[in-house]
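Understanding the architecture of this molecule
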Amino acid sequence: DSGVTQTPKHLITATGQRVTLRCSPRSGDLSVYWYQQSLDQGLQFLIHYYNGEERAKGNILERFSAQQFPDLHSELNLSSLELGDSALYFCASSALSGATDTQYFGPGTRLTVL
Amino acid sequence: QKEVEQDPGPLSVPEGAIVSLNCTYSNSAFQYFMWYRQYSRKGPELLMYTYSSGNKEDGRFTAQVDKSSKYISLFIRDSQPSDSATYLCAMSYYSGYSTLTFGKGTMLLVSP
């Protein structure tokens, strides 16, 4: 158990809908990262927050947004969902924000868009 | 061409074999190299990280980086069925930049 929690574990929804994925980092960790994992694209970095501020953006679509709250939990919002958004979404946390800070991954949320 | 290439496998070996897993990359700016292990239906977990070129050993695992060839390897000695998982390489540019670029992963199957 990495200490990172993600809810829900599974989510099934329809095209055009909006969903919110939630992540609670390990106690004391200030950084939260969101990743998308699909069979064809692999694990892709979406966005990084450090202590409430956005630090880096990766291949995140405009339909997706995220935020980190004062209690350091984070939410990833996915809107106008398309079939191609079906994937595993992982959250990871680390103590600080450097490359040498180990990122601890949560168990993931499996999103299925029908 | 993707920034990081990794053979998806599966790589099937008998218990006790030495396993070699590899990644190639195209961007010479990568300086930090990691190997993550991902069991089925779980999140990735960090196995090892190395900085720049050279070797690093941790128990049965050895990570090698050859920056001149843009090639990294993970060796597993005395492989066990519990090593059966997908192994992902990951890379980052410099110490203050924490964004990781991952390979797609190699599935390893170790049979008893």
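Before going into details, it helps to say that this report is about the structure given with it. Being a predicted model, the structure only gives us computed values, none of them experimental.

1. Regarding the overall build of chain B
- A tally of helices and strands in chain B yields zero helices and 11 strands.
- In chain B, the order of α-helices and β-strands from amino to carboxyl end is β-β-β-β-β-β-β-β-β-β-β.
- Taken over C-alpha atoms, the radius of gyration comes to 13 Å for chain B, in line with the 13 Å a tight globule of 112 residues would show.
- By principal-axis analysis of the C-alpha atoms, chain B measures approximately 40 × 25 × 25 Å.
- Residues classed as buried in chain B amount to 45% of the 112 residues present.
- Taking the contacts inside chain B whose residues are at least 6 apart along the sequence as the reference set, 55% of them involve residues at least 24 apart.
- For chain B, the accessible area works out to roughly 5300 Å², and carbon and sulfur atoms hold 49% of it.
- The distance from the centre of the 10 positive side-chain charges to the centre of the 10 negative ones in chain B is 6 Å.

2. Some remarks on the pattern of salt bridges
- Enumeration according to the criterion identifies six salt bridges over all chains in this entry.
- Across the pair Glu82 of chain A and Arg63 of chain A runs a salt bridge, and its minimum N-O distance is 3.7 Å. On the criterion of sequence distance, the pair formed by Glu82 of chain A in the loop between strand 8 (74-78) and strand 9 (87-94) and Arg63 of chain A in the loop between strand 6 (53-57) and strand 7 (64-68) is long-range, its members being 19 residues apart.
- Across the pair Glu45 of chain B and Arg37 of chain B runs a salt bridge, and its minimum N-O distance is 3.2 Å.
- Taking the relative accessible area as the measure of exposure, Arg37 of chain B reaches 14% and is therefore buried.
- Salt bridges sharing partners connect three or more residues here, namely Arg63, Glu82 and Asp85 of chain A.

3. Overview of the interface of chain B and chain A
- Every contact between the two is made by 22 residues of chain B and, on the other side, 21 residues of chain A.
- The contact between chain B and chain A buries some 1600 Å² in all, and 55% of this surface belongs to carbon and sulfur atoms.
- Counting the contacts that link chain B with chain A gives zero salt bridges.
- Our enumeration of links across chain B and chain A arrives at two residue pairs in polar contact (both at pLDDT 80 or more).
- Of all the secondary-structure elements, those providing two or more residues to the side of chain B that touches chain A are strand 4 (32-38), strand 5 (45-51) and strand 9 (85-92) of chain B.
- Classifying every residue of the side of chain B that touches chain A by side-chain character gives 11 nonpolar, seven polar and four charged.

Definitions and limits used
- Residues numbered from 1 in each chain as written.
- Chains lettered and ligands numbered in written order.
- Predicted model: local features only at pLDDT ≥ 70, side-chain atom pairs only at ≥ 80, totals over all residues.
- Heavy atoms only, no water.
- Helix = DSSP H or I, 4+ residues; strand = E, 2+ residues; numbered from the N terminus.
- Rg over C-alpha atoms; globule rule 2.2 N^0.38 Å.
- Buried < 20%, exposed > 50% of the residue type's maximum accessible area, 1.4 Å probe, protein only.
- Contact = heavy atoms within 4.5 Å.
- Areas by Shrake-Rupley, 256 points an atom, 1.4 Å probe, with all protein chains shown as cover.
- Lys, Arg positive; Asp, Glu negative; His and termini not counted.
- Charge placed at Lys NZ, Arg CZ, Asp CG, Glu CD.
- Salt bridge = Lys/Arg side-chain N within 4 Å of Asp/Glu carboxyl O.
- Buried area = accessible area lost by both parts, 1.4 Å probe.
- Polar contact = N/O pair within 3.5 Å; in protein donor to acceptor, adjacent residues only side chain to side chain.
- Nonpolar A, V, L, I, M, F, W, Y, C, P; charged D, E, K, R; others polar.

Purely geometric stuff here, so don't read any function into it on its own.
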